[in-house]
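Reading the structure
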Amino acid sequence: MGNFFGLSRRLSFNIFLIVFLFLLIPVYVSFMLIKTSYENYIQQELSSRIGAGIKKGEDAFHAAFQRMIAISNFFVLDRELISLLADGDSSYWDRNKRFDGITNGLQVNNLVSLDNIRITMFDRYNRNYANWGLYFHDYSGIMGEEWVERSIAGKGLISWNLFAPSFVRQENEQYISLARSVLDPAYTGNRVATIIVSMNQKAINNILSLGDMNADFIRIGTRETLEDIFALGGANSIHREDLQRLLAETGKSGNLLCDLGNRRYLLSYYTLDSPGTFAGDLKVLYFTDYQRVSDSLSTLFRRINAGMVFFIAALTGIVGLISWSVARPIRVLDEQVRRYTQTREVGVFSAVRKDEIGDLSRTFQDMGERINALFERLRQESEIREQYRFQALRAQVNPHFLFNTLNTVRWMAAIRGADNIVDTINALSRILDYSMSRSGDMAALGEELDMIRSYAHIQNYRYGEDWEVKIEVDAGLLRYRIVKFILQPVVENSFVHAFKNRRHKKIITLDGRRESGGLVLFVRDNGAGMDREKLAELRDSLNREESGENRDSIQGRRTPGIGLLSVNRRIRACGDFGLDIESSPGRGTTVVFRLPLIEGDAEDEKTPGC
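Residues numbered from 1 in each chain as written. Predicted model: local features only at pLDDT ≥ 70, side-chain atom pairs only at ≥ 80, totals over all residues. Heavy atoms only, no water.

So, on to the side chain of serine 159. Note that serine 159 resides in strand 3 (residues 159–165). Serine 159 sits in the buried class, given a relative accessible area of 0%. A distance of 2.9 Å separates the side chain of serine 159 from the side chain of arginine 150, its partner in a polar contact. (Helix = DSSP H or I, 4+ residues; strand = E, 2+ residues; numbered from the N terminus. Buried < 20%, exposed > 50% of the residue type's maximum accessible area, 1.4 Å probe, protein only. Polar contact = N/O pair within 3.5 Å; in protein donor to acceptor, adjacent residues only side chain to side chain.)

Here serine 494 is to be found in helix 13 (residues 488–498). Filtering out sequence-adjacent residues up to four positions away, serine 494 remains in contact with Trp467, Phe499, Ile508 and Asp525. (Contact = heavy atoms within 4.5 Å.)

One can find phenylalanine 522 in strand 15 (residues 518–525). Relative accessible area serves as the criterion here: at 10%, phenylalanine 522 is assigned to the buried category.

As summarised here, the arrangement of the 5 strands in space is 2-1-5-4-3, forming an open sheet in which the pairing is antiparallel. Strands at the two margins of the open sheet, each flanked by one partner only, are strand 2 (128–130) and strand 3. Ignoring which end each strand starts from, the neighbouring axes of this sheet average 20° apart. In the packing of helix 3 (residues 79–86) onto the sheet, contacts are made with strand 1 (117–123), strand 4 (174–184) and strand 5 (190–199), and the angle to strand 4 comes to roughly 75°. (Pairing = 2+ DSSP bridges. Axes fitted to C-alpha atoms, helices over the stretch in contact; angles between N-to-C directions.)

Among the residues of helix 5 (residues 146–153), Trp147, Val148 and Ser151 are the ones counted as buried. Viewed end-on, helix 5 has its buried residues packed into an arc of 105°, placing them on one side of the element. With respect to the buried face of helix 5, the exposed residues turned more than 90 degrees away are Glu146 and Ala153. For helix 5, the secondary structure elements touched by its buried residues are strand 3, strand 4 and strand 5. (Arc of directions from axis to C-beta.)

All chains considered together, the criterion is met by 11 salt bridges. Between aspartate 78 and arginine 98 there is a salt bridge, with the nearest N and O atoms lying 2.6 Å from each other. Highlighted residues: aspartate 78 in the loop between helix 2 (11–76) and helix 3 and arginine 98 in helix 4 (residues 92–108), separated in sequence by 20 residues. Among the salt bridges present, the one from glutamate 146 reaches arginine 150, with a minimum N-O distance of 2.5 Å. (Salt bridge = Lys/Arg side-chain N within 4 Å of Asp/Glu carboxyl O.)

Together, Ile25, Tyr28, Val29 and Leu33 make up a nonpolar patch on the protein surface, roughly 360 Å² of accessible area in all. With respect to the element layout, leucine 33 can be found in helix 2. (Patch = residues over 30% accessible without salt bridge, like charges linked within 9 Å, V, L, I, M, F, W, Y side chains within 5 Å. Areas by Shrake-Rupley, 256 points an atom, 1.4 Å probe, with all protein chains shown as cover.)

Low pLDDT marks regions whose predicted coordinates should not be analysed in detail. Confidence along the protein chain averages 75 in pLDDT terms, with 75% of residues attaining 70 or more. Low pLDDT (under 50) marks residues 1–8, which in the prediction has 10 contacts with non-local residues, meaning those over four places away or in another chain. Confidence over residues 545–560 falls short of pLDDT 50; this stretch has 14 contacts with residues more than four positions distant or in other chains. (pLDDT = per-residue confidence, 0-100.)

On to unusual backbone geometry. In the segment running from aspartate 184 into proline 185, the intervening peptide bond is cis, with an omega of -5°. Even without being glycine, lysine 155 reaches a positive phi, approximately 55°. Among the structural elements, lysine 155 can be located in the loop between helix 5 and strand 3. Residue class for lysine 155 comes out partly exposed when judged on its relative accessible area of 43%. Residues other than glycine seldom take positive phi values, yet phenylalanine 485 does so here, at roughly 55°. Mapped onto the fold, phenylalanine 485 is located in the loop between strand 13 (481–483) and helix 13.

So, in structure tokens, the structure goes:
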């Protein structure tokens, strides 16, 4: 991006380009997203409202199927009717009387609603019985229909005929019908009659209208055969090819936008699962005119587009003016800076401007004068340093000279049999050797623990033999590398502060473990511990980012907390690690080190540190 803006050396152009890319374009993109989101919201809101009604229609269809099955049950399970139908000597009048008794009982007792339901029965002799007027016509031809023959062959199987023309003469309606055989005995015997229960078109229309009163028209088809089998409303205007295409695109339920002719519709649909045996599931399609909504949205968006064009044009002019006014004084300042880099002469800047540009000009003038003064001071200090450099070199002490001198004293003490002095000098020599090693800031955990052993040996001679330092670190952890000298200040705090006025055995324990990809070390003592206030103050110091006051305190005072703060700051330089403290009065103190897990050989000086 910097290279892109660097194509122009004019600040005003770059400011304009930045504002254009990061303000004008995002504003326009945001507007387009809002437009799309608003249109999707309108579509989803309309779909959700339609969907709630469609669910009612779907449930009503299933309830109607179950009601028709329930009606047939009353006939196929009625023992008296089965007995009369099986008895060849019973009269037609007796059979018809029992048939009427069942239908009247359903209505009188409100067991099942027979509104818009036609019940027709044909006995073995194809004599018909019905709850509607037969008008002395012979309807026995329906027994030769394929769906009726399928029910007869099925020995009681329910066979459906959906949205078929009525078998009643002089009727121009469509029906949903089921055919079912009446068996003697029930379910297992021979057919003695066939019961046909039909729901007329009025009931079907009521169910579909219950689904969505706002639909402009409704179609029903079978997805498998892509057949159009039922229509409600102004659905006759849709072409068969368009309907077949939509049936192929729809899933089980949902909605989508579709174009039919020169109109756009919101199509909401659901699938009726087979209520029994018929070819293919039924797809119910609700078409709602979406063109009116689309036209209204288009008008609204055209007006908003016009407003956006005016807004962008005005904003472009304003941005150009602002870019020029901001860049001009900066160019003047740039010329002064260039002159200063060549001659180191600080020019006189105009103090008329009271804004940030004026502040910047005055600040640069002051900075130039201070830089010149610093250059002069550096020159003087360089002369002084040159005078004393040789004396400083002569005054340097070689740490190896001190180390070799200690070895000489050790041999002198050994010759005189002062074993305690020899042991102490050996421990001090190991500490000096560890501190002077050139392995950088990192060392193996095993080396750090060896240094602690030497330090504890010296402290025991200093404070007496009532100290014990236990190192219980698993050998598998000794190869991991840690920052040097982070354990010693904590052990020293225990020696100096933890056991004041304590006469029991003084024990300091070091242990550790791997945990969550890191190394956790513990330094525990059985000393006096800390009260809650002191512990809270120390924890707060560890968790807080150090201020300048903290650093001054570290340089000017020597307190137990200062050593912990220094160690904690050094560990935190490695990442999200550090110290934690646990303590209670009379139960001792535990300092927890959370360290990175750094692999490395104990003598590998190239192991990376923090």
